[in-house]
Amino acid sequence: MTDSADSPSFRLAYVPGVTPAKWVRIWEERLPGIPLTLLQVTPAEAADVLRDGSADAAFVRLPVDRTVFSAIPLYTETTVVVVPKDHVITAAEEITLDDLADEVVLHPLDDVIGWAEPPGEPAFERPATTADAVELVAANIGVLVVPQSLARLHHRRDLTYRTVVDAPQSSIALSWPEEATTDRVEDFIGIVRGRTVNSTRGRQTPAEQRDGDSGGRGRTGGAKGSGGGAKSGAAGRSGGAKAGGTRSGGTRAGGAKTGGARSGGAKGGGARRATGGGKPRRRS
């Protein structure tokens, strides 16, 4: 882990469709002295800003180059088709790719679905961006298949969308350069993973240290408890031997002088009969 103390802030990039507000809010509550700077980038730019150090981490769309970047998958989006509100597709709540077979399906150059083969009929030319494609849908040029977050991002009153149940899906991940896993990156990972303020990975807080100490004492106590159990067992065996009338024949180490002798031996009757009923002789 490298130190990021010389960085004036934590720089977080994110691609369209991702809403980082809730994580930013938690960062500001936990680390008010370290400003978090947001940088919106296109999916194609995300890897570049991480490589050149313009961002410390980024919310990206998978896949990423795992030889360079670490990534924590967060969620997978529903895929939808954006259509005019009066389009025949709106008669159903969900559709399949086969329902798009006769439709002109726009395929923008910044597409994030990653089609092996786009469905439907291709448009005369590919729009430059998803925003451009949405404008063409509004002009009844074709329909557009995108992750649901992008359909919401480019919402228009004259357009709507329906779920495409069998379409490929796009996944969002938190990514950062593997060789630049700073303390602040670890802090942000903890926030995204939902860790509490006292459970940040790689750092043992005073609360964790106390928990560790308690665990150690618990184990020690258990060991003593086991030892106590062994002693009790030994005492029980000694007492049992004396109760059987073997005081004169048993070994001294086996419990001749054990506390169990008094309760289980001499007054139990067996030892008294073995010596003729008299008092035991005191050993010198």
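Criteria and thresholds
- Residues numbered from 1 in each chain as written.
- Predicted model: local features only at pLDDT ≥ 70, side-chain atom pairs only at ≥ 80, totals over all residues.
- Heavy atoms only, no water.
- Buried < 20%, exposed > 50% of the residue type's maximum accessible area, 1.4 Å probe, protein only.
- Helix = DSSP H or I, 4+ residues; strand = E, 2+ residues; numbered from the N terminus.
- Pairing = 2+ DSSP bridges.
- Polar contact = N/O pair within 3.5 Å; in protein donor to acceptor, adjacent residues only side chain to side chain.
- Contact = heavy atoms within 4.5 Å.
- Phe/Tyr/Trp six-rings, centres within 6.5 Å; stacked < 30°, edge-to-face > 60°.
- Salt bridge = Lys/Arg side-chain N within 4 Å of Asp/Glu carboxyl O.
- Axes fitted to C-alpha atoms, helices over the stretch in contact; angles between N-to-C directions.
- Core = buried A, V, L, I, M, F, W, Y, C linked by side-chain atoms within 4.5 Å.
- Arc of directions from axis to C-beta.

1. A closer look at the pairing of strand 11 (residues 171-177)
And step 1. Counting buried positions along strand 11 gives seven out of seven residues, so the element sits mostly inside the fold.
And step 2. Of the two faces of strand 11, both are covered, the one formed by Ser171, Ala173, Ser175 and Pro177 as well as the one formed by Ile172, Leu174 and Trp176.
And step 3. Summarising the sheet, strand 3 (residues 57-61) and strand 11 pair through four bridges and their orientation is antiparallel. Note on strand 11: the bridge partner recorded for Val60 is Ala173.
And step 4. When strand 4 (residues 69-76) meets strand 11, the two strands line up antiparallel, connected through seven bridges. Counterpart to Ser70 in the pairing with strand 11 is Trp176.

2. Topic: the side chain of Arg61
And step 1. Within the fold, Arg61 resides in strand 3.
And step 2. Within polar-contact distance, the side chain of Arg61 engages the side chain of Ser149 at 3.3 Å.
And step 3. A distance of 2.8 Å separates polar atoms of two side chains, one belonging to Arg61 and the other to Ser170.
And step 4. In this structure Arg61 touches Val15, Pro16, Gly17, Glu77, Val112, Pro147, Ser149, Leu150, Ser170, Ser171 and Ile172, once residues within four positions along its chain are discounted.

3. Here we look at the packing of aromatic side chains
And step 1. Counted under the stated rule, the structure contains five aromatic pairs.
And step 2. Between Trp27 and Phe188, the aromatic rings sit 6.1 Å apart at their centres with planes inclined by 55°, giving tilted as the arrangement. Of this pair, Trp27 sits in helix 1 (residues 21-30) while Phe188 sits in helix 5 (residues 183-192), and the two are 161 residues apart along the sequence. Exposure class is identical for Trp27 and Phe188. Each is buried.

4. Looking at the pattern of salt bridges
Oppositely charged side chains can form a pair if their charged atoms are brought close together.
And step 1. If you walk through the whole model with that rule in mind, you get five salt bridges.
And step 2. In this structure, Arg11 engages Asp56 in a salt bridge whose closest nitrogen and oxygen atoms are separated by 2.8 Å. Remark: Asp56 occurs in the loop between helix 2 (43-51) and strand 3 and Arg11 occurs in strand 1 (residues 10-14); sequence separation between them is 45 residues.
And step 3. With a relative accessible area of 14%, Asp56 lands in the buried category.
And step 4. Where Asp158 meets Arg156, a salt bridge forms, and the shortest distance between an N and an O atom there is 2.9 Å.
And step 5. In the salt-bridge network here, residues are joined through shared partners; they are Glu135, Arg156 and Asp158.

5. Remarks on the sheet that holds strand 1
Either a parallel or an antiparallel arrangement is found when strands of a sheet pair, and the pairing is made through backbone hydrogen bonds.
And step 1. The five strands are arranged 2-1-3-11-4 in an open sheet whose pairing can be described as mixed. The sheet is open, and its two edges are formed by strand 2 (36-40) and strand 4, each paired on a single side. Recorded for the sheet is a direction-independent mean angle of 20° between the axes of neighbouring strands.
And step 2. Strand contacts of helix 5: strand 1, strand 2, strand 3, strand 4 and strand 11, with the helix running at about 160° to strand 11, the strand carrying the most contacts.

6. Re the environment of Pro20
And step 1. Its place among the elements puts Pro20 in the loop between strand 1 and helix 1.
And step 2. Residue class for Pro20 comes out buried when judged on its relative accessible area of 7%.
And step 3. Distance from Pro20 to Val192, taken between C-alpha atoms, is 9.7 Å for residues 172 residues apart in sequence.
And step 4. When residues no more than four places from it in sequence are discounted, the contact partners of Pro20 are Leu12, Tyr14, Leu38 and Phe59.

7. Overview of the nonpolar core
And step 1. Counting residues in each nonpolar core, the largest one holds 32 residues, and the members touching the most others are Phe10, Leu12, Phe59, Leu174 and Phe188.
And step 2. Per-element tally for this core: the top contributor is helix 5, with five residues.
And step 3. Aside from chain neighbours lying at most four places away, what touches Leu174 is Leu12, Ala57, Ala58, Phe59, Ser70, Ala71, Ile72, Leu74, Phe188, Ile189 and Val192.

8. Observations concerning the side chain of Ser9
And step 1. Assignment of secondary structure puts Ser9 in the segment before strand 1.
And step 2. On the basis of relative accessible area, Ser9 is assigned to the buried category, the value being 9%.
And step 3. A polar contact of 3.3 Å, which involves the side chain of Ser9, links it to the side chain of Thr37.
And step 4. With sequence-adjacent residues up to four places away left out, Ser9 is seen in contact with Ile34, Pro35, Thr37, Asp56 and Arg184.

9. Side note on helix 2
And step 1. All of the buried residues in helix 2 are Ala46, Val49 and Leu50. Here the buried residues of helix 2 occupy an arc of 95° about the axis, which is enough to place them on one side. In helix 2, those exposed residues whose orientation departs by more than 90 degrees from the buried face are Ala44 and Arg51.
And step 2. Buried-residue contacts for helix 2 involve strand 1, strand 2, strand 3, strand 4 and strand 11.
And step 3. Once helix 2 ends, the next one or two residues include Gly53, with phi positive near 85°.

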